[in-house]
Amino acid sequence: IVQQSTDEMVTQTVTLHGHIDATVGVGPDPSVGLRMVAAPNPVLARTRIEFVLPTAGHARLDIFDVSGREVTVLVDDKRAAGRHVVEWSTAGRRGGLYFCRLHAGDKTVLRKLVVVG
């Protein structure tokens, strides 16, 4: 586990290969696909968005409203493979339906967020 800042933590999923008396290799688990969850949802004041990248590379995590207008960009840079956690504060946002979109590599994941206002 690596804490990159006060609002982000990275963990790595690893697969161990070998026997107890042999060399063991440690690396990312390629079977883990692009994943994202947000909790709590419905959102009262803030939510933690966790996402897993199967490989290192550029990732973009953004929030947009039901009309398709971008509200904020939470992540837009190169990230290590593994689990990442960011927070989104809904301060100043109206209640309603929002969407959280994660794009990494050639994959995109979309989650609905309900903001209670």
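All figures in this text were calculated on a predicted structure; none of them were measured in a lab.

Draft legend 1. Spotlight on the environment of Trp 88. One can find Trp 88 in strand β9 (residues 82-89). Here Trp 88 falls in the buried class, since its relative accessible area comes to 3%. Spatially, the C-alpha atoms of Trp 88 and Arg 48 are 6.5 Å apart, while their sequence positions differ by 40 residues. Those residues within four positions of Trp 88 in sequence are excluded, and the remaining contacts are Ala 45, Arg 46, Thr 47, Ile 49, Ile 63, Val 71, Thr 72, Leu 74, Arg 93, Tyr 98, Leu 113 and Val 115.

Draft legend 2. Broad picture of the pattern of salt bridges. Taken as a whole, this structure holds nine salt bridges when the rule is applied. Among the ionic pairs, Glu 70 bridges to Arg 60, the shortest N-O distance being 2.8 Å. Within this pair, whereas Glu 70 is found in strand β8 (residues 70-79), its partner Arg 60 is found in strand β7 (residues 57-65), the two being separated by ten residues in sequence. For Glu 70, a relative accessible area of 48% puts it in the partly exposed group. Ionic contacts of the salt-bridge type, sharing partners, join the residues Arg 60, Asp 62, Glu 70, Asp 76 and Arg 101 into one network.

Draft legend 3. Representation of the side chain of His 84 within the structure. One can find His 84 in strand β9. Within polar-contact distance, the side chain of His 84 engages the backbone oxygen of Ala 80 at 2.7 Å.

Draft legend 4. Fine view of the sheet that holds β8. Spatially, four strands are ordered β8-β7-β10-β11 in an open sheet, and the strand pairing comes out antiparallel. Strand pairing shows two members of the sheet lacking a second neighbour, β8 and β11 (107-115), which therefore form its edges. For this sheet the average axis-to-axis angle between neighbouring strands, irrespective of direction, equals 15 degrees. Pairing between β7 and β8: eight bridges, direction antiparallel.

Draft legend 5. Region of the structure containing a nonpolar patch on the surface. A contiguous nonpolar patch, built from Leu 44, Val 66, Leu 97, Val 114 and Val 116 and spanning about 420 Å² of accessible area, is present on the exposed surface. Along the chain, Val 116 turns up in the segment after β11.

Draft legend 6. Representation of the confidence of the model for the protein. Chain-level statistics for the protein give a pLDDT mean of 81 and a share of 73% at 70 or above. When pLDDT is averaged over each element of the protein, β8 comes out on top at 97 and strand β1 (residues 2-5) at the bottom at 47. Segment residues 1-5: pLDDT under 50, and nine contacts once partners within four positions in sequence are set aside and those in other chains are kept. Per-residue pLDDT stays below 50 along residues 16-20; that stretch engages in eight contacts with residues further than four places along the chain or on separate chains.

Criteria and cut-off values
- Residues numbered from 1 in each chain as written.
- Predicted model: local features only at pLDDT ≥ 70, side-chain atom pairs only at ≥ 80, totals over all residues.
- Heavy atoms only, no water.
- Helix = DSSP H or I, 4+ residues; strand = E, 2+ residues; numbered from the N terminus.
- Buried < 20%, exposed > 50% of the residue type's maximum accessible area, 1.4 Å probe, protein only.
- Contact = heavy atoms within 4.5 Å.
- Salt bridge = Lys/Arg side-chain N within 4 Å of Asp/Glu carboxyl O.
- Polar contact = N/O pair within 3.5 Å; in protein donor to acceptor, adjacent residues only side chain to side chain.
- Pairing = 2+ DSSP bridges.
- Axes fitted to C-alpha atoms, helices over the stretch in contact; angles between N-to-C directions.
- Patch = residues over 30% accessible without salt bridge, like charges linked within 9 Å, V, L, I, M, F, W, Y side chains within 5 Å.
- Areas by Shrake-Rupley, 256 points an atom, 1.4 Å probe, with all protein chains shown as cover.
- pLDDT = per-residue confidence, 0-100.

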